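Each chain is listed here by its residues.
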Amino acid sequence: MMVKNKPLNYLLNLDLVLTGAAFLVLVTITFAGVIMRYFVNRPLVWLEEVQLMCFVWIVFFGAGAAFRTGSHVAIDMLVDRFPQQLRKIVEILIYIAVVLVLGYFMIQGWSLVQQMGQTNRLTNIFKIPYTLIYAAFPIGCVLMIINYSIATYTQVFKPMIVGKEGDA
Amino acid sequence: MEISVVGLSALVLLLLLFLKVPVFVSVLAGSLIYFINTPSVPPQIIAQRVIAGIESIPLLAIPFFVAAGVFMNYSGVSKRVMQFAEAITGHMSGGLAQVNVLLSALMGGLSGSNLADAAMQSKMLVPEMVRKGYSNEFSSVVTATSAMVTPLIPPGIAMILYGSIANVSIGRLFIAGIGPGVLLTISLMMLVSFLSKRRGYKPVREKMIAGNELTKAIGVAVLPLMLPVIIIGGIRLGIFTPTEAGSVAIVYSLMLGVVYREMNLRDFLKGLKETITSTASIMIIVGAASAFAWILTRERVPQTITEFIVSNVDNKYLFLMMVNVFLIAVGMFIEGNAAMIVLVPLLAPVAAAYGIHEIHFAMVFIFNMAIGALSPPMGTLMFVTCGITRCRISDFIREAVPFYILLFTCLMLLTFFPIFSLGLVNLIY
Amino acid sequence: SPAAPAESESAGGADTPAAAAPVVIQIGYENHPGEPVDLAVNEWARLLEERSGGNMKMEVFPSSQLGSKNDIIDQMLAGSSVITLADGAFYADRGVPDFGIVFGPFIFPSWDDAWRLIESDWYAEQSALLEDQGLKILSSNWKYGDRHTLTKSPVRTVSDLQGMKIRVPNNTIQIKGFEVLGAAPTPMALGEVYTSLQQGTIDGLENPLPVLYNGKFHEVAKYLSLTGHVRNFTTWITGTQFFNTLTAEQQQWLMETGNEAGFFNNELADEATEETLQLFIDEGVEVIEVDIDEFAAAAEVFYSLPEFTSIWSEGLYETVKEAMQ
Ligand code: NA
Ligand code: NA
């Protein structure tokens, strides 16, 4: 999916830059961990916590991008058999439902992040605040809502509007 | 009383699932219904359960092997491996499909994760199969079904977990898994051969290659073929864990990309992007599913049904059949390892009381969980594969029917003939 | 007592307002069904229901079914009615750094020293500090067991440990506790330990005997050194937020039955330790009696590591040693 607006396009791909970097860090430290444990006999004790942080970030920041590339799985067997009018209505309802659910999770994710802040929970070795790790969740929900809205607009609503204009 | 809330949650989940709402959102919506209606649980716990489902080191194998599959495609590794595989299997009908099955059995020797196996082969093998004329849905189903072999062949996470919960020797469970693993591998190869003949996936050559041609085929693929050697060797020598093997595979295929000069920076970035979107779409389902499983566990749904079965059945074989039906149903909604943690302590002692051998029961249990991972509505293996290959779920399920029949046949053999689970164990111990 | 079940049944069935809406508590822990802790928790649940006349109920979730220890602690901090098992090493990470010392190597010469410590003023102060962090200790008299070391090659002296990769839980106290003995501590998820030991990725692990036995690690590591580096007593906690919603009477029922179940647990734990030791021997494990004094002496530097002295109260080691007199 492409958005014509160039600055917006850059902004939208920021998530991929961040997750890409997190993934490279993840592979590098895992590989380094093998070397350090087997060849140097000094296991990296902080490995696990950094690996998990990268993992959580990759998943939740990447989940928004996955809407742009259409990677999220859905079961389409019923809806695609509906008559066209009904299908459009259902697709609008689906859109509303998805945004509501993701909105709820954004709010609860944010409460969890606030709790991490209040109780000052840190990782064991590097003392990384859990606010930083768990923040990926509510932010990811926001990114998912934005990306999903754009994807739905270009795939569902825009053809509908264009289609109507074509009919006229 | 809380059971009705759980029922409503499950209903909402199923409704949205079949109305084309993304799978993970449907599952999250089901969980949301529960949290809204259960004031005694602080609602932010729902976010914790989703994140907790992802924060697991063994699951890191998924992004690693997804990336390994992706980068093997871009670096020219897959192409060479496939040329080699085709040279070896070209005389068989459905040669590449056979390769797909065999590769899972081989992968089984180093990894315990069926999801990682399916993810990697969906990335690496399926595009190649489609290019050679196999249908996408057939390739997807073969990939997903054969991934079931991976946790059966040692090592497997499921057996380690089962052994430590039910107090059964893990070493013996490992050995016991080989029987069902080989049974499944061979019967899958037979089914694939049969279906390929019917579909007209013809052999590309008349006879198996030999002599000079074979040497040449090996020569082209020698560096890529070193990868399994490095991985298996590395794990066996204790250099790295199966999870870490994924990162080694990535580094090696990137190195080969440099050697072959087939991968440029652009390909690398594209591969990175593919890795991330695939990983995110798989893992967010895993996270959502684990939140839902937490709800079912907290409300003691599986526990209650188990108690019902146990108190109403008094025949050994009827018990086993009920367990089969129940476990497949559970496997459809709860990830296998999570289900095992809850159910093994409840069911294993009962099985023992019926005089069912502990290892026999363990194999039946583990096989059931594997089937559940392949079945709608929430089979994780199915979603992982379809997510990557872009196969429609409806096409997948239609194509999978003969495979389901095969799996149930295998399950019945395992259930009623303990020899499949116990034969090797008795031979060795 | 034989009369007890009937009593609780009649109380549960009574039509009093209390019986209509009992307080339901979820208790979650890592141990699997059948282990001493699990059996004792079930006893606690039984005692509590009986003592409160059905007014309080405890739902039992073994095998980390409710989540990891840290997850459950976060749940109680959010206000959930949950209880979990945790110990000093965790409280150190939850804002009470001094608490970590109870997990230091060889801090307790005997179990009696540990039991005296939990009755001391120092311990009460630490518990109060923990309450300020939102966590209420309900019971501290639970013996989790002596932590011993299971390895692939024999460990008879401290020098045998040199460079050995020993799996430890992922916290600074246990990592440093093995580092001072010359080992290469390797944090790793318990689920990965079996194959890692089998393939030789790591050389050993440490835990109380029943946990070592249930994980079947002795199938792939044949030497058990009775190092007893940590006398692991453990505690049950809940959130102060939930605890304060209970009446004084309910609070007392909960805590006193917890302590009674603790004594029940300790008997089971001693029996299980003896049984598993015999099982290890029967299954071909070489059990090695090490010179504890040698190990304790080597571990002494632990208490002057800057990682700890910089966050601990001054003279903490001496304070604690005095408190257990
Ligand atoms: Na395996
Ligand atoms: Na396969």
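Residues numbered from 1 in each chain as written. Chains lettered and ligands numbered in written order. Predicted model: local features only at pLDDT ≥ 70, side-chain atom pairs only at ≥ 80, totals over all residues. Heavy atoms only, no water.

## Some points on the coordination of the sodium ion (ligand 2)
Residues and elements named next belong to chain B.
Moving on, step 1. On the protein side, the sodium ion (ligand 2) has Asn-100 (O), Asn-100 (OD1), Ser-104 (OG), Gln-121 (OE1) and Ser-146 (OG) as donor atoms, found 2.1 to 2.7 Å from it.
Moving on, step 2. Look at Asn-100 and you get buried, because its relative accessible area is 0%.
Moving on, step 3. Judged by relative accessible area, which is 0%, Ser-104 ranks as buried. (Donors = N, O, S within 2.8 Å, 3.2 Å for Na, K, Ca; no water. Buried < 20%, exposed > 50% of the residue type's maximum accessible area, 1.4 Å probe, protein only.)

## With respect to helix 7 (residues 121–132) of chain C
Residue and element names in this part refer to chain C.
Moving on, step 1. In this model, helix 7 (twelve residues) spans 17 Å end to end at C-alpha, consistent with the 16 Å of a helix rising 1.5 Å per residue.
Moving on, step 2. Taken as a whole, helix 7 has its buried residues at Trp-122, Tyr-123, Gln-126, Ser-127 and Leu-130. Down the axis of helix 7, the sector holding all buried residues measures 135°, keeping them to one side. Turned more than 90 degrees away from the buried face of helix 7 sit Asp-121 and Asp-132, all of them exposed.
Moving on, step 3. Where helix 7 is buried, its residues contact helix 5 (88–93), helix 6 (111–118), strand 4 (135–151), strand 8 (223–239) and helix 15 (316–323). (Helix = DSSP H or I, 4+ residues; strand = E, 2+ residues; numbered from the N terminus. Expected span 1.5 Å × (residues − 1). Arc of directions from axis to C-beta. Contact = heavy atoms within 4.5 Å.)

## Comments concerning the interface of chain B and chain A
Moving on, step 1. Chain B puts 60 residues into the contact, and the matching count from chain A is 56 residues.
Moving on, step 2. Summing both sides of the interface, chain B and chain A together bury roughly 5400 Å²; the carbon and sulfur share of this comes to 80%.
Moving on, step 3. Put simply, chain B and chain A have two salt bridges between them.
Moving on, step 4. Residues A:Arg37 and B:Glu244 are paired through a salt bridge, measuring 2.7 Å at the closest nitrogen-oxygen approach.
Moving on, step 5. Taken together, the links from chain B to chain A amount to eight residue pairs in polar contact (both at pLDDT 80 or more).
Moving on, step 6. At the level of elements, helix 1 (2–18), helix 2 (23–36), helix 3 (45–54), helix 4 (61–75), helix 13 (242–260), helix 14 (265–298), helix 19 (380–389) and helix 20 (393–416) of chain B are the ones that each hand at least two residues to the side of chain B that touches chain A. (Buried area = accessible area lost by both parts, 1.4 Å probe. Salt bridge = Lys/Arg side-chain N within 4 Å of Asp/Glu carboxyl O. Polar contact = N/O pair within 3.5 Å; in protein donor to acceptor, adjacent residues only side chain to side chain.)

## Here we look at the pattern of salt bridges
Moving on, step 1. Counted by the stated rule, this structure contains 28 salt bridges over all chains.
Moving on, step 2. Between C:Asp93 and A:Lys127 there is a salt bridge, and its shortest N-O distance comes to 3.5 Å. Taken together, the residues C:Asp93 in helix 5 and A:Lys127 in the loop between helix 4 (84–119) and helix 5 (130–134) connect one chain to another.
Moving on, step 3. Here the residues in one salt-bridge network are A:Arg121, C:Asp74 and C:Arg94, joined through shared partners.

## Topic: the packing of helix 4 of chain B against helix 14 of chain B
Residues and elements named next belong to chain B.
Moving on, step 1. The interhelical angle for the contact between helix 4 and helix 14, taken along N-to-C directions, is 150°, at an axis separation of 9 Å. Handedness of the crossing formed by helix 4 with helix 14: right-handed. Within the contact between the two elements, helix 4 uses Ile-62, Pro-63, Val-66, Ala-67, Val-70, Phe-71 and Tyr-74 and helix 14 uses Asp-267, Phe-268, Lys-270, Gly-271, Leu-272, Glu-274, Thr-275, Ser-278, Thr-279, Ile-282 and Met-283. (Axes fitted to C-alpha atoms, helices over the stretch in contact; angles between N-to-C directions. Left-handed = near helix turned anticlockwise from the far one by under 90°.)

## What to know about a negative patch on the surface
Residue and element names in this part refer to chain C.
Moving on, step 1. A cluster of acidic side chains, namely Glu-267, Glu-271, Glu-274 and Glu-275, defines a negative patch on the protein surface.
Moving on, step 2. Looking at the secondary structure, you find Glu-274 in helix 12 (residues 248–282).
Moving on, step 3. According to the relative accessible area criterion, Glu-274 is exposed, its value standing at 62%. (Patch = residues over 30% accessible without salt bridge, like charges linked within 9 Å, V, L, I, M, F, W, Y side chains within 5 Å. Areas by Shrake-Rupley, 256 points an atom, 1.4 Å probe, with all protein chains shown as cover. Lys, Arg positive; Asp, Glu negative; His and termini not counted. Charge placed at Lys NZ, Arg CZ, Asp CG, Glu CD.)

## Let's talk about the UniProt feature "transmembrane region" (unreviewed entry) in chain A
Residue and element names in this part refer to chain A.
Moving on, step 1. Here the UniProt feature "transmembrane region" (unreviewed entry) sits at residues 12–38, 50–71, 92–112 and 132–150.
Moving on, step 2. Secondary structure content for residues 92–112 is 100% helix and 0% strand, while the C-alpha to C-alpha distance between its ends is 30 Å.
Moving on, step 3. Here residues 132–150 is 95% helix and 0% strand, with 27 Å between the C-alpha atoms at its ends. (UniProt positions renumbered as here; feature names shortened; annotations may be inferred.)

## So, the environment of A:Leu112
Moving on, step 1. Along the chain, the position of A:Leu112 falls in helix 4.
Moving on, step 2. By relative accessible area, A:Leu112 is classed as buried at 2%.
Moving on, step 3. Sequence spacing of A:Leu112 and A:Val156 is 44 residues, and the spatial spacing of their C-alpha atoms is 34 Å.
Moving on, step 4. With residues near it in sequence (within four places) discarded, A:Leu112 still touches A:Tyr134, B:Gln44, B:Ala47, B:Gln48 and B:Ile51.

## Some thoughts on the environment of C:Glu192
Residues and elements named next belong to chain C.
Moving on, step 1. Position of Glu-192 relative to the elements: it lies in helix 9 (residues 190–199).
Moving on, step 2. On the accessibility criterion, Glu-192 (11% relative accessible area) is buried.
Moving on, step 3. Considering only alpha carbons, one finds Glu-192 and Ser-313, 121 residues apart in sequence, at a separation of 37 Å.

## Structural notes on the pairing of strand 8 of chain C
Regular strands place their side chains on alternate faces of the sheet.
All names here are of chain C.
Moving on, step 1. Of all 17 residues making up strand 8, 15 are buried, and the element is well covered by its neighbours.
Moving on, step 2. Both strand 3 (residues 82–86) and strand 8 contribute to a ladder of four bridges, which runs antiparallel. Bridging from a neighbouring strand, Ala-86 pairs with Thr-235 of strand 8.
Moving on, step 3. Alignment of strand 4 against strand 8, held across twelve bridges, turns out to be antiparallel. Counted as the bridge partner of Trp-142 is Thr-234 from strand 8.
Moving on, step 4. Sheet topology note: the strand 8/strand 9 (residues 286–288) ladder contains three bridges and is parallel. Bridge assignment links Leu-224 to a residue of strand 9, and that residue is Val-287. (Pairing = 2+ DSSP bridges.)

## Some points on unusual backbone geometry
For residues other than glycine, phi is negative in most cases, and the peptide bonds are mostly trans.
Moving on, step 1. With phi around 60°, B:Arg390 is a residue other than glycine that occupies positive phi space.
Moving on, step 2. Inspection of the secondary structure puts B:Arg390 in the loop between helix 19 and helix 20.
Moving on, step 3. Positive phi, normally seen in glycine, also occurs at C:Ser64, with a value near 55°.
Moving on, step 4. Residue classification places C:Ser64 among the partly exposed residues on the basis of a relative accessible area of 31%.

## Some details on the interface of chain B and chain C
Where the parts come together, the accessible area they lose is often given as the size of the interface.
Moving on, step 1. In this complex, chain B contributes 37 residues to the contact, which on the side of chain C involves 31 residues.
Moving on, step 2. For chain B, the biggest contributors to the area lost against chain C are B:Gln48, B:Arg298 and B:Arg300; these three give 17% of the whole.
Moving on, step 3. At the junction of chain B with chain C, the criterion picks out one salt bridge.
Moving on, step 4. One salt bridge in this structure joins C:Asp71 and B:Arg49, with 3.2 Å as the shortest N-O distance.
Moving on, step 5. Where chain B meets chain C, there are eight residue pairs in polar contact (both at pLDDT 80 or more).
Moving on, step 6. Every element with two or more residues in the side of chain B that touches chain C is listed here: helix 3, helix 10 (157–166), helix 11 (170–199), helix 12 (211–236), helix 14 and helix 17 (336–353) of chain B.
Moving on, step 7. Taken together, the residues of the side of chain B that touches chain C sort by class into 20 nonpolar, 13 polar and four charged. (Nonpolar A, V, L, I, M, F, W, Y, C, P; charged D, E, K, R; others polar.)

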